[in-house]
Amino acid sequence: MGDFEWAMVNSLNTFFEREGIAAIAYRLRQSQFATQLADILVDSKIPEYYLAIECKSLDARKTRSLYFKQHFSTAAGAHQIERETDFITRSGRQGILAVELRNGTGRSKTAHLIPWGLIFDRYNEGGAGITLQEIQVNPPLSRKGRAYEISRLDILRITGYYDLVLNDRSIDTEPCSEDLLFEDLCPEGEDLGLEE
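Quick summary incoming for the structure in this document.

What counts and how
Residues numbered from 1 in each chain as written. Predicted model: local features only at pLDDT ≥ 70, side-chain atom pairs only at ≥ 80, totals over all residues. Heavy atoms only, no water. Helix = DSSP H or I, 4+ residues; strand = E, 2+ residues; numbered from the N terminus. Buried < 20%, exposed > 50% of the residue type's maximum accessible area, 1.4 Å probe, protein only. Contact = heavy atoms within 4.5 Å. Axes fitted to C-alpha atoms, helices over the stretch in contact; angles between N-to-C directions. Parallel < 35°, antiparallel > 145°, perpendicular 65-115°, else oblique. Left-handed = near helix turned anticlockwise from the far one by under 90°. Nonpolar A, V, L, I, M, F, W, Y, C, P; charged D, E, K, R; others polar. Salt bridge = Lys/Arg side-chain N within 4 Å of Asp/Glu carboxyl O.

### A closer look at the overall build of the protein
Okay, step 1: Secondary structure assignment for the protein yields seven helices and eleven strands.
Okay, step 2: In the protein, which comprises 196 residues, the proportion classed as buried is 41%.
Okay, step 3: Summarising the internal contacts of the protein: among those between residues at least 6 apart in sequence, 60% fall at separations of at least 24.

### With respect to helix α4 (residues 116-124)
Okay, step 1: Trp116, Gly117, Ile119 and Asp121 are the residues of α4 that are buried.
Okay, step 2: Among the structural elements, β3 (51-59), α2 (68-71), α3 (80-91), β7 (94-102), β8 (110-115) and β9 (129-131) are those in contact with the buried residues of α4.

### Some remarks on the packing of α3 against α4
Okay, step 1: One way to put it is that α3 packs onto α4 with a least axis distance of 11 Å and a crossing angle of 135 degrees. When the axis of α3 is compared with that of α4, the two are oblique. Between α3 and α4 lies a crossing whose hand is left-handed. In contact with Ile81, Glu82, Glu84, Thr85 and Ile88 of α3, α4 contributes Trp116, Ile119, Phe120 and Tyr123.
Okay, step 2: Class assignment for the residues of the contact of α3 with α4 results in six nonpolar, one polar and two charged.

### Regarding the environment of Ile150
Okay, step 1: Considering the arrangement of structural elements, one finds Ile150 in the loop between β11 (147-149) and α6 (152-159).
Okay, step 2: Given the relative accessible area of 3%, Ile150 is considered buried.
Okay, step 3: Among residues more than four places away in sequence, those in contact with Ile150 are Met8, Ser11, Leu12, Phe15, Arg18, Leu141 and Ile155.

### Section: the pattern of salt bridges
One side chain can pair with another of opposite charge once the charged atoms of both are near each other.
Okay, step 1: Taken as a whole and judged by the stated rule, the model has eight salt bridges.
Okay, step 2: Residue Glu19 is joined to Arg18 by a salt bridge in which the shortest nitrogen-to-oxygen separation is 3.4 Å.
Okay, step 3: Since its relative accessible area comes to 46%, Glu19 is described here as partly exposed.
Okay, step 4: Note that Asp59 and Lys62 form a salt bridge whose closest N and O atoms lie 3.9 Å from each other.
Okay, step 5: Connected via shared salt-bridge partners are Asp59, Arg61 and Lys62.

Structure representation (structure tokens):
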């Protein structure tokens, strides 16, 4: 496991313990023969903390973007973004991309949390990646010494922002579409048990 992944797991668990939140962050053991679901999983009965987090650490001096071809893998015939999006939507987890920008000697690293839905949309539209400027639009996590500090607002900003299932273009999210008539919901003659 890379240093950034360790730092994120420790920061999440410190946050959960400090705030008395029933949640736990962990890494699954990696295997060269198994496809990894995500870098970090968080289990919790609280929906906003039921997470799948992918971590990327970039040398900000050597690249202008996080590129989908260069920085994500392809395995089992599918791109990493496609595999993880499938896992996120099928498991019901909230997806987050955590990006650490390494700024060189004498300059602090920064970490930014990005809604997975934004990453998937850019990939799905045929984009090459997301720029460092787009990453930095997301506020950096606070730091205490060398450790990142996570707050409830950091998580809420992401998990309340983008629901992949609701933003799936193949799903009609309108509860009362104009094309849907009452008769379609309740065929004539069916007893609803309602009294006039």
